[in-house]
Amino acid sequence: MFGTLSEEAEVNVPASKAWNLFGTLKLAKLVDGKIFEAVDVIEGDGGAGTILKLTFKSELGVSYCKEKFTKVDHANMVKESQVVEGGILDIGLSLYRIRVEIKENPKDGSGSTCVMKLTIEYDIKEEFAANASLVTTEPLLAIMNVAKEHLLNSN
């Protein structure tokens, strides 16, 4: 069973500033210790092929997952990553992909605001279909809120 969830938010910073956070390893460093217990770079420099180990806080009931950056497109400000081990895959998902898109805000001709769109694509094995309700945008919202606050408070 395939599904898609997404969240979108306007941010009062230029798209280039938001991409400088989302399109690099800076976001991983920002959420380390806040949303996740730890974020470790296993391999790579932030480009496609980079692998992160995300260690979850103990109250979540899941210990960790490994996420691989599969696409980092600086020209179009699009980044895709996929969980390749642990985490949500342990409850029957065969695919869990996150896409980050940063766009100039079409309502703002000055270029001083942007739109962040975060999308989850997932595929759950038929025998685990009841677990589909466990796939939510909550983690994306938490990351989006931390990133938004950081962007608004940094120069």
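One can find the structure itself at the top, above this paragraph.
What you are looking at is a predicted structure, and each value in this text was computed from that prediction instead of being measured. (Residues numbered from 1 in each chain as written. Predicted model: local features only at pLDDT ≥ 70, side-chain atom pairs only at ≥ 80, totals over all residues. Heavy atoms only, no water.)

A word on the overall build of the protein
Piece 1. Broken down by element type, the protein carries three helices and seven strands.
Piece 2. Traced from its N-terminal end to its C-terminal end, the protein shows the element sequence β-α-α-β-β-β-β-β-β-α.
Piece 3. Overall, the C-alpha framework of the protein stretches about 50 × 30 × 30 Å when taken along its three principal axes.
Piece 4. For the protein, contacts bridging at least 24 residues in sequence account for 50% of all contacts bridging at least 6.
Piece 5. Element-wise, carbon and sulfur atoms account for 50% of the exposed surface of the protein, whose accessible area totals about 8,100 Å². (Helix = DSSP H or I, 4+ residues; strand = E, 2+ residues; numbered from the N terminus. Contact = heavy atoms within 4.5 Å. Areas by Shrake-Rupley, 256 points an atom, 1.4 Å probe, with all protein chains shown as cover.)

What about the sheet that holds strand E6 (residues 93–104)?
Piece 1. Strand order across the open sheet formed by seven strands is E1-E7-E6-E5-E4-E3-E2, with antiparallel pairing between neighbours. Two strands in the sheet have a free side with no partner beyond their single neighbour: strand E1 (2–11) and strand E2 (38–43). Averaged over neighbouring strand pairs, the angle between their axes works out to 20 degrees when direction is ignored.
Piece 2. Strand direction decides the pairing type here: E2 and strand E3 (residues 51–55), joined by five bridges, are antiparallel. Among the inter-strand pairings, Glu43 is bridged to a residue of E3, identified as Ile51.
Piece 3. Helix H3 (residues 138–153) contacts E1, E6 and strand E7 (114–124) of the sheet and is inclined by roughly 20 degrees relative to E1. (Pairing = 2+ DSSP bridges. Axes fitted to C-alpha atoms, helices over the stretch in contact; angles between N-to-C directions.)

Quick notes on the nonpolar core
Side chains that are nonpolar tend, in soluble globular proteins, to be buried together.
Piece 1. Counting residues in each nonpolar core, the largest one holds 45 residues, and the members touching the most others are Phe22, Tyr96 and Ile102.
Piece 2. Of all elements in the fold, only E1, helix H1 (15–22), helix H2 (26–31), E3, strand E4 (64–73), E6, E7 and H3 reach the threshold of two or more residues within this core.
Piece 3. Sequence-distant contacts of Ile102, defined by excluding residues within four places in its chain, comprise Ala15, Ala18, Trp19, Phe22, Asn76, Met77, Cys114, Val115 and Met116. (Core = buried A, V, L, I, M, F, W, Y, C linked by side-chain atoms within 4.5 Å. Buried < 20%, exposed > 50% of the residue type's maximum accessible area, 1.4 Å probe, protein only.)

Regarding the packing of H1 against H3
Angle between the axes and distance between the axes are the two parameters that describe a pair of packed helices.
Piece 1. Where H1 contacts H3, the axes come no closer than 11 Å and their chain directions differ by 125 degrees. Relative to H3, the element H1 is oriented oblique. By crossing handedness, the relation of H1 to H3 is classed as right-handed. Contact residues: Lys17, Ala18, Leu21 and Phe22 in H1; Ala147, His150 and Leu151 in H3.
Piece 2. Its residues assigned to classes, the contact of H1 with H3 shows five nonpolar, one polar and one charged. (Parallel < 35°, antiparallel > 145°, perpendicular 65-115°, else oblique. Left-handed = near helix turned anticlockwise from the far one by under 90°. Nonpolar A, V, L, I, M, F, W, Y, C, P; charged D, E, K, R; others polar.)

Topic: the pairing of E3
Piece 1. Here E3 runs beside E4; their pairing, made up of five bridges, is antiparallel. Looking at the pairing, Lys53 lines up with Lys66 of E4.

Overview of the packing of aromatic side chains
Piece 1. In total, this model carries one aromatic pair according to the counting rule given.
Piece 2. Ring geometry for Phe36 against Phe56: centres 5.5 Å apart, planes inclined by 55 degrees, an arrangement best described as tilted. Taken together, the positions of Phe36 in the loop between H2 and E2 and Phe56 in the loop between E3 and E4 put the pair 20 residues apart, joining distant regions of the chain.
Piece 3. We classify Phe36 as buried; its relative accessible area is 9%.
Piece 4. A residue is classified by how much of its surface remains accessible, and Phe56, at 19% relative accessible area, is buried.
Piece 5. Sitting over the ring of Tyr64, Lys53 keeps its end group 5.2 Å from the ring centre. (Phe/Tyr/Trp six-rings, centres within 6.5 Å; stacked < 30°, edge-to-face > 60°. Lys NZ or Arg CZ within 6 Å of the ring centre and 35° of its normal.)

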